[in-house]
Amino acid sequence: MVKPNIGTINALIRMTFGFTMLAWATAKMVKNPWRDSYFWVAVMAAMKVAEGITKFCPLTALFEQYQDKQQDKVHVEETPLALTDDIAEGIINPT
């Protein structure tokens, strides 16, 4: 099960935008069924509706994971430098 990563207002906006674009693309596909671009707009709009219903966005989840990894990397890189600065100043070993 996925953990929701967008808020209620964000979900409502995604659903509104998704249903609007889905209706537009469906109306255009009725007039020009040979155009593939309307189909892809409909697919993307359906994804936005699904994101709103489930309150989960895969791109947001990937971005959050990337940010967490970057923060962990920065934290690991800062720790040895802080220890060497303390040693250089004689705080850890005053002799």
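Calculation rules
- Residues numbered from 1 in each chain as written.
- Predicted model: local features only at pLDDT ≥ 70, side-chain atom pairs only at ≥ 80, totals over all residues.
- Heavy atoms only, no water.
- Patch = residues over 30% accessible without salt bridge, like charges linked within 9 Å, V, L, I, M, F, W, Y side chains within 5 Å.
- Areas by Shrake-Rupley, 256 points an atom, 1.4 Å probe, with all protein chains shown as cover.
- Salt bridge = Lys/Arg side-chain N within 4 Å of Asp/Glu carboxyl O.
- Helix = DSSP H or I, 4+ residues; strand = E, 2+ residues; numbered from the N terminus.
- Buried < 20%, exposed > 50% of the residue type's maximum accessible area, 1.4 Å probe, protein only.
- UniProt positions renumbered as here; feature names shortened; annotations may be inferred.

Participant: How would you sum up a nonpolar patch on the surface? Please name residues and give values.
Facilitator: A cluster of nonpolar residues, Ile 9, Leu 12 and Ile 13, forms a patch on the protein surface that exposes about 320 Å² of accessible area. Residue placement: Leu 12 occurs in helix H1 (residues 8-31). What makes Leu 12 partly exposed here is its relative accessible area of 45%.

Participant: Break down the pattern of salt bridges for me, with residues and values.
Facilitator: Any two side chains of opposite charge can pair, given that their charged atoms come close. Taken as a whole and judged by the stated rule, the model has two salt bridges. Between Glu 51 and Arg 14 there is a salt bridge; the shortest N-O distance is 2.5 Å. Remark: Arg 14 occurs in helix H1 and Glu 51 occurs in helix H2 (residues 36-54); sequence separation between them is 37 residues. Looking at Glu 51, the relative accessible area reads 8%, which means it is buried.

Participant: Give a description of the UniProt feature "transmembrane region" (unreviewed entry) in the protein that names residues and reports values.
Facilitator: Under the present numbering, the feature "transmembrane region" (unreviewed entry) in UniProt falls on residues 6-25. Secondary structure across residues 6-25 divides into 90% helix and 0% strand, with the first and last C-alpha atoms of the span separated by 25 Å.

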